[in-house]
Number of protein chains: 2
Amino acid sequence: MKPLALVIDDEVQIRRLLRFALEAADYTVCEADRGQLGLAEAALRRPDVILLDLGLPDLDGVEVLKRLREWSETSVLVLSVRDAEDQKIAALDAGADDYVTKPFSTPELLARLRVAQRRARPAEETTTFAHNGLQVDLTNRRVTVDGKEVSLTATEYALLRLLVRHAGRVITHRQMLREVWGSNAEEHRQYLRVYITHLRRKIERDPQNPVHIKTESGIGYRLIS
Amino acid sequence: MKPLALVIDDEVQIRRLLRFALEAADYTVCEADRGQLGLAEAALRRPDVILLDLGLPDLDGVEVLKRLREWSETSVLVLSVRDAEDQKIAALDAGADDYVTKPFSTPELLARLRVAQRRARPAEETTTFAHNGLQVDLTNRRVTVDGKEVSLTATEYALLRLLVRHAGRVITHRQMLREVWGSNAEEHRQYLRVYITHLRRKIERDPQNPVHIKTESGIGYRLIS
DNA sequence: GCTCTTTTTTATGATTTTTTAACGCTTTTG
DNA sequence: CAAAAGCGTTAAAAAATCATAAAAAAGAGC
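About the thresholds
- Residues numbered from 1 in each chain as written.
- Chains lettered and ligands numbered in written order.
- Predicted model: local features only at pLDDT ≥ 70, side-chain atom pairs only at ≥ 80, totals over all residues.
- Heavy atoms only, no water.
- Helix = DSSP H or I, 4+ residues; strand = E, 2+ residues; numbered from the N terminus.
- Rg over C-alpha atoms; globule rule 2.2 N^0.38 Å.
- Buried < 20%, exposed > 50% of the residue type's maximum accessible area, 1.4 Å probe, protein only.
- Contact = heavy atoms within 4.5 Å.
- Areas by Shrake-Rupley, 256 points an atom, 1.4 Å probe, with all protein chains shown as cover.
- Lys, Arg positive; Asp, Glu negative; His and termini not counted.
- Charge placed at Lys NZ, Arg CZ, Asp CG, Glu CD.
- Pairing = 2+ DSSP bridges.
- Axes fitted to C-alpha atoms, helices over the stretch in contact; angles between N-to-C directions.
- Arc of directions from axis to C-beta.
- Core = buried A, V, L, I, M, F, W, Y, C linked by side-chain atoms within 4.5 Å.
- Near = heavy atom within 4 Å.
- Polar contact = N/O pair within 3.5 Å; in protein donor to acceptor, adjacent residues only side chain to side chain.
- Nonpolar A, V, L, I, M, F, W, Y, C, P; charged D, E, K, R; others polar.
- Salt bridge = Lys/Arg side-chain N within 4 Å of Asp/Glu carboxyl O.
- 1 Å grid on protein atoms, 1.4 Å probe; cavity = no way out; pocket = protein on both sides within 12 Å on 5 of 7 lines; lining within 4 Å.
- Points joined across faces, edges and corners; volume = space filled by probe spheres on them.

Draft legend 1. Layout of the overall build of chain A. Helix and strand counts for chain A stand at eight helices and twelve strands. Computed over its C-alpha atoms, the radius of gyration of chain A comes to 25 Å, more than 25% above the 17 Å expected for a compact globule of 225 residues. Summarising its shape, the C-alpha atoms of chain A cover approximately 75 × 35 × 30 Å along the three principal directions. Each of the 225 residues in chain A was classed as buried or not, and the buried ones make up 45%. Across chain A, the fraction of contacts at a sequence separation of at least 24, relative to all contacts at a separation of at least 6, is 52%. In the form shown here, chain A has an accessible surface area of approximately 11500 Å², with 47% of it arising from carbon and sulfur atoms. Treating the 34 positive side-chain charges of chain A as one cloud and the 34 negative ones as another, the clouds have centres 9 Å apart.

Shown next, in the form of structure tokens:
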């Protein structure tokens, strides 16, 4: 997915220039010509990065930044014609990630954008499912049963992941086949029988009496949570 | 606790100026007058932020940055007299968090330092890996098996480093190819097979029955930790 | 230039995974 | 009750993936 950049600037030429440069660098671009609108757009579109001009007609750029930082940590690059030191410091301390003086070099701007994006990344949260001895760590792709690691094949894991994502709810045969095997395999219910057997053999204490993967006859399967 | 700043610069006047400014801003400061020493200090002292001059007598600043980024994510501000655009871009893309041209304004530098610190993540960094006779020291680029040093080629080492940094987790083929060979080599899985064979021959006691690098068929590989 | 090392490409056999097929059991339906 | 349909299990055939060796190409050092 292309990253989304929000340009907040009142000058149409600058916006056009930035749009051109950003799109060439494989960003999707949205624009706002005023501070209020910029904040609204930021809330609505959730851009990956914001390019903010300081000289806006309604709100001061630093004010926009402060309001934005009340709820968002999106990377913000401030663009400004003002080269005044105190202005820079104010913007940086208000939460800007970088401050670039106009006229700027486009390649440098793009490099600084890459830095901002690189830093923004993380939030490496581990999403885990756990119930009755079965643990599925979707982030690290690890499955354990009573603490012992279980090794699954690609298809087995894809199927289990789907069940985990909809844990507690019934998933239809059709849904499973489409998600795991692709939309042209929707008729191969036998695949499911085979792989559910495989999965049960690996994750159930007693595969004959499954407690994790329940069959909903005629409909599909369900992971108990 | 005061934050620790590491200054890597060969000019004593600059170091003195920075030390003065940084200490006034309540940093603890340590210094290095060349690249190799700077890297060693960074590994030893674990600074919160690094100020790096590009014009060093032994190693090029960008080279220092690249080496540092092999194992550390510490914020780095590059200071340079060179204002050349391609120089800036090279440094920023090599992992610098900011690029300030000398002569710089001290208050602005401090503001940019605050930004760098704000963005810094409290990352626990893996600098050495040790398990079952295999030792990998990322700061010194040294690999030993049962105490005996093993020599790896650049590609072999890059691959092993990637595995170490994600030790215990599965790394997909795609991830490995992108990180080691670049994003336009994502289809060349055969590279991986060849290099995993090479690595195993060098680091496994019995390459036929690997205990360190496990294959996750259809997915990728995993380093056991 | 030449040699030695490293990387990339090609070829082949082994291993693992996926698909297909067969059979017995249970539940539903006429 | 008997036939039909759905499910679970197992085994094999087919396909995909993997490991390894070796040749070719590219690069580094002299």
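Draft legend 2. Seen up close, the sheet that holds strand 3 (residues 49-53) of chain A. Residues and elements named next belong to chain A. Taken in spatial order, the five strands line up as 2-1-3-4-5 in an open sheet, and their pairing is parallel. Since the sheet does not close on itself, it has two edges, and those belong to strand 2 (28-32) and strand 5 (98-101), each with one partner. Here the strands of the sheet are splayed against their neighbours by 20° on average, with no regard to which way each runs. Note that strand 3 and strand 4 (residues 75-80) share five bridges and pair parallel. When the bridges of strand 4 are listed, Ile50 appears paired with Val76. Sheet strands in contact with helix 2 (residues 35-45) are strand 1 (4-8), strand 2 and strand 3, and its direction is about 145° off that of strand 2. Against the sheet, helix 4 (residues 85-93) engages strand 4 and strand 5, with an angle of about 145° to strand 5.

Draft legend 3. The pairing of strand 7 (residues 134-137) of chain A, seen in detail. Residues and elements named next belong to chain A. Relative to strand 7, strand 6 (residues 128-131) runs antiparallel, the two sharing four bridges. Each bridged residue has a counterpart across the sheet, and for Ala130 the counterpart in strand 7 is Gln135. Hairpin geometry of strand 6 and strand 7 is characterised by an intervening segment of two residues between the two adjacent antiparallel strands and by a positive phi of about 50° at Asn132. Bridge analysis of strand 7 against strand 8 (residues 142-145) gives four bridges, and the strand direction is antiparallel. Looking across to strand 8, one finds that Asp137 is bridged to Arg142.

Draft legend 4. Local environment of helix 2 (residues 35-45) of chain B. Residue and element names in this part refer to chain B. Considered for burial, the residues of helix 2 that qualify are Gly35, Gly38, Leu39, Glu41 and Ala42. End-on view of helix 2: buried residues confined to an arc of 165°, all on one side of the axis. On its buried side, helix 2 packs onto strand 1 (4-8), strand 2 (28-32), strand 3 (49-53) and helix 3 (61-69).

Draft legend 5. Examining the nonpolar core more closely. In this structure, Leu52, Val78, Val143 and Met176 of chain B are the most contacted members of the largest nonpolar core, which totals 51 residues. The element contributing the most residues to this core is helix 6 (residues 154-165) of chain B, with six residues. Setting aside its immediate chain neighbours within four residues, Val143 of chain B contacts Leu134, Gln135, Val136, Lys148, Glu149, Val150, Leu152, Tyr157, Leu160 and Ile203 of chain B. By size, the runner-up hydrophobic cluster in this structure holds 26 residues, among which are Ala32, Leu39, Leu59 and Leu92 of chain A.

Draft legend 6. The arrangement of the protein's contact with DNA strand D in detail. Around DNA strand D lies a shell of 26 residues, among which Thr215 of chain A together with Gln190, Arg201, Thr215 and Tyr221 of chain B are the nearest. At the protein interface, 70% of the atoms of DNA strand D within 4 Å belong to sugar or phosphate. At a separation of 2.6 Å, a base oxygen of DNA strand D approaches a polar side-chain atom of Gln190 of chain B. In the model, a phosphate oxygen of DNA strand D is placed 2.7 Å from a nitrogen or oxygen of the Arg201 of chain B side chain. Secondary structure elements with two or more residues in the surface near DNA strand D: helix 8 (189-203) of chain A together with helix 8 (189-203) of chain B. Per element, the largest residue contribution to the surface near DNA strand D is seven residues, and it comes from helix 8 of chain B. Residue classes in the surface near DNA strand D are distributed as five nonpolar, 14 polar and seven charged.

Draft legend 7. Spatial organisation of the pattern of salt bridges. All names here are of chain A. Taken as a whole and judged by the stated rule, the model has 52 salt bridges over all chains. Here Glu41 and Arg45 are joined by a salt bridge, their closest N and O atoms 3.7 Å apart. In this pair, Glu41 and Arg45 both sit in helix 2, four residues apart, roughly one turn of the helix. On the accessibility criterion, Glu41 (15% relative accessible area) is buried.

Draft legend 8. The sheet that holds strand 2 of chain B, seen in detail. Residues and elements named next belong to chain B. Strand order across the open sheet formed by five strands is 2-1-3-4-5, with parallel pairing between neighbours. In this open sheet, the two strands that pair with only one neighbour each are strand 2 and strand 5 (98-101). Averaged over all adjacent pairs, the angle separating strand axes in this sheet is 20°, with direction ignored. Two strands pair when backbone bridges link them, and strand 1 and strand 2 are joined in this way by five bridges, in the parallel orientation. Following the sheet pairing, Leu4 is matched in strand 2 by Thr28. Helix-sheet contacts for helix 2 involve strand 1, strand 2 and strand 3, and the interaxial angle to strand 2 is about 145°. Strands strand 3, strand 4 (75-80) and strand 5 of the sheet are contacted by helix 5 (residues 106-119), whose axis makes an angle of about 155° with strand 4.

Draft legend 9. Seen up close, the protein's contact with DNA strand C. Residues in contact with DNA strand C amount to 17 residues; listed here are only the nearest, Thr155 and Tyr191 of chain A together with Thr153, Thr155 and Tyr191 of chain B. The protein-proximal atoms of DNA strand C, defined as those within 4 Å of the protein, are 78% sugar or phosphate. Between DNA strand C and the protein, one listed contact pairs a phosphate oxygen with a side-chain N or O atom of Trp181 of chain A at 2.6 Å. A distance of 3.1 Å separates a base nitrogen of DNA strand C from a polar side-chain atom of Gln190 of chain B.

Draft legend 10. Structural view of empty space enclosed by the protein. On inspection of all chains with the given rule, the structure shows three cavities of 30 Å³ or more. By volume, the largest cavity is sized at about 180 Å³. Only strand 4 and helix 5 (106-120) of chain A together with strand 4 and helix 5 of chain B provide two or more residues apiece to the lining of the largest cavity. Forming the boundary of the second largest cavity are Ile8, Gly38, Leu39, Ile50, Leu52, Val64, Leu65, Leu68 and Val76 of chain A. Secondary-structure elements contributing two or more residues to the lining of the second largest cavity are helix 2, strand 3 and helix 3 (61-69) of chain A.

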